[in-house]
Amino acid sequence: MVGNWKMHGRIKENAALLTEVAAWASALQNDVHVGVCVPCPYLAQSQALLSESVVRWGIQDVSAHTHGAYTGEVAAEMAADFGVTYVIVGHSERRAYHRESPELVAEKARRALDARLTPIVCVGETLEQRELGSPERVIAEQLDAVLDAMTAEQVASIVIAYEPVWAIGTGKSATAEQAQDVHAFVRSKLAKTGAAADVVPVLYGGSVKPENAQELFAQQDIDGGLIGGASLKSKDFLAICQAAQTVLQ
Ligand code: PGA
């Protein structure tokens, strides 16, 4: 269960939120892993407040380069200096607002792996793409670029997040059935890489809230969630993690 803070947070509020999450996460069972992907300026704060806890922290994007004249970018190795575990790559907001191509997203995922970080590769279709036909074609294009650029061993070390663009921040989640269909498709693509498809967690993201979490996570191929807005409220994030605890095996 990974929180994606996006561009939210201030140092004072973060302290309260991180401390609360660290406190309740230790009481979760059923092997529920909790992480938060914070804005880069708050990495040191996250490391300070979470390193004694079971909660892992991460970033929301990474450079496709290792170092050099790339003003404003953050290298995976730099994040690793702050004890980071997760790196979100290919979030639809990056694909849309920063024109990130599937190939660039694949590069970023590889950079994360090179730095021994876990990329959370986001894929998802827009409403227009869904209405034009099946979302699978779009998902396949996004996924193939990443999977083709990796060995089976590397594929076994990534996390995938299916996030339908029309469900992100809209309050309108995919139905459990719609999400399960795409997750099963993602799983079949993973199986074709030769990596053990069931070792790669496939998360769902897009308006997950306490009210719909249990139904989503009860689906066979949904292994967890990438939680935006609701991860900024400790109570909601906790309720979502508890829903996962109830249904995830
Ligand atoms: P949301 O965002 O939960 O606020 O819809 C999810 C995401 O963009 O990762």
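In this report, we go over the structure that sits alongside the text. (Residues numbered from 1 in each chain as written. Predicted model: local features only at pLDDT ≥ 70, side-chain atom pairs only at ≥ 80, totals over all residues. Heavy atoms only, no water.)

**Some details on the site of the ligand**
Piece 1. Around the ligand sit Asn4, Lys6, His91, Glu163, Ala167, Ile168, Gly169, Gly206, Ser207, Leu226, Gly228 and Gly229, and that is every residue in its neighbourhood.
Piece 2. Note that an oxygen atom of the ligand is positioned 2.7 Å from one of the side-chain N or O atoms of His91.
Piece 3. Glu163 places a polar side-chain atom, nitrogen or oxygen, 2.7 Å from an oxygen atom of the ligand.
Piece 4. Calculation on the ligand without its partners gives an accessible area of 290 Å², and the protein chains cover 95% of this total.
Piece 5. Per-class residue counts for the shell around the ligand are 3 nonpolar, 7 polar and 2 charged. (Near = heavy atom within 4 Å. Polar contact = N/O pair within 3.5 Å; in protein donor to acceptor, adjacent residues only side chain to side chain. Areas by Shrake-Rupley, 256 points an atom, 1.4 Å probe, with all protein chains shown as cover. Nonpolar A, V, L, I, M, F, W, Y, C, P; charged D, E, K, R; others polar.)

**Details of the nonpolar core**
The nonpolar side chains of soluble globular proteins are, as a tendency, buried together.
Piece 1. In this structure, Val34, Val36, Ile158, Ile160, Leu190, Tyr204 and Phe217 are the most contacted members of the largest nonpolar core, which totals 69 residues.
Piece 2. Sorting elements by how many residues they give to this core places helix 1 (residues 11-25) first, with 6 residues.
Piece 3. If near-sequence neighbours (up to four positions away) are discounted, Ile158 is found in contact with Leu113, Pro119, Val121, Val146, Leu147, Met150, Val200 and Pro201.
Piece 4. Listed in part, the 10 residues of the second largest apolar core include Tyr86, Ile88, Val159 and Ala161. (Core = buried A, V, L, I, M, F, W, Y, C linked by side-chain atoms within 4.5 Å. Buried < 20%, exposed > 50% of the residue type's maximum accessible area, 1.4 Å probe, protein only. Helix = DSSP H or I, 4+ residues; strand = E, 2+ residues; numbered from the N terminus. Contact = heavy atoms within 4.5 Å.)

**Some thoughts on the pairing of strand 8 (residues 224-227)**
Piece 1. Side chains Gly224 and Leu226 project from strand 8 onto one buried face, and the interleaved Gly225 and Ile227 project onto a second face that is buried too.
Piece 2. Here 2 bridges tie strand 1 (residues 2-4) to strand 8, and the two strands are oriented parallel to one another. Residue pairing across strands places Val2 opposite Leu226, the latter belonging to strand 8.
Piece 3. Pairing of strand 7 (residues 202-205) with strand 8 involves 3 bridges; the strand directions are parallel. Bridge pairing links Tyr204 to Gly225 in strand 8.
Piece 4. In this fold, strand 7 hands off to helix 10 (residues 210-217), which returns the chain to strand 8; that crossover is right-handed. (Pairing = 2+ DSSP bridges. Right-handed = clockwise from strand over helix to strand, strands pointing away.)

**A few points about helix 9 (residues 176-192)**
Piece 1. Relative to the 24 Å expected for 17 residues at 1.5 Å per residue, helix 9 spans 24 Å between its end C-alpha atoms, a close match to the ideal helical length.
Piece 2. Buried within helix 9 are the following residues: Ala176, Ala179, Gln180, Val182, His183, Val186, Arg187, Lys189 and Leu190.
Piece 3. Contacts from the buried residues of helix 9 go to helix 6 (127-131), helix 7 (136-148), helix 8 (152-155), strand 6 (159-162), strand 7 and helix 10.
Piece 4. The positive-phi residue at the C-terminal boundary of helix 9 is Gly194, with phi of around 90°. (Expected span 1.5 Å × (residues − 1).)

**Remarks on the pairing of strand 6**
Piece 1. Residues Val159 and Ala161 point to one face of strand 6 and Ile160 and Tyr162 to the other, with burial holding for every one of them.
Piece 2. Relative to strand 6, strand 5 (residues 118-123) is paired through 4 bridges, and the arrangement is parallel. Each residue of the ladder has a partner; that of Val121, found in strand 6, is Ile160.
Piece 3. Summarising the sheet, strand 6 and strand 7 pair through 3 bridges and their orientation is parallel. Considered in strand 7, the bridge of Ala161 is made with Leu203.
Piece 4. Handedness of the β-α-β unit built from strand 6, helix 9 and strand 7 comes out right-handed.

**Looking at the packing of helix 7 against helix 9**
Piece 1. Following both chains from N to C, one finds helix 7 and helix 9 inclined at 35°, their axes separated by 11 Å at the closest point. The two elements helix 7 and helix 9 meet at a crossing, and its hand is right-handed. Here helix 7 contributes Glu136, Ile139, Ala140, Leu143, Asp144 and Leu147 to the contact with helix 9, which in turn contributes Asp181, Val182, Phe185, Val186, Lys189 and Leu190.
Piece 2. Tallied by class, residues from the contact of helix 7 with helix 9 come to 8 nonpolar, no polar and 4 charged. (Axes fitted to C-alpha atoms, helices over the stretch in contact; angles between N-to-C directions. Left-handed = near helix turned anticlockwise from the far one by under 90°.)

**Some thoughts on the side chain of Arg187**
Piece 1. By secondary structure assignment, the location of Arg187 is in helix 9.
Piece 2. Among the polar contacts made by the side chain of Arg187, one reaches the main-chain carbonyl oxygen of Ala197 at a distance of 3.4 Å.
Piece 3. There is a polar contact of 2.9 Å between the side chain of Arg187 and the side chain of Asp223.
Piece 4. For Arg187, the contacting residues outside a window of four places in its chain are Ala197, Asp198, Val200, Val202, Asp221 and Asp223.

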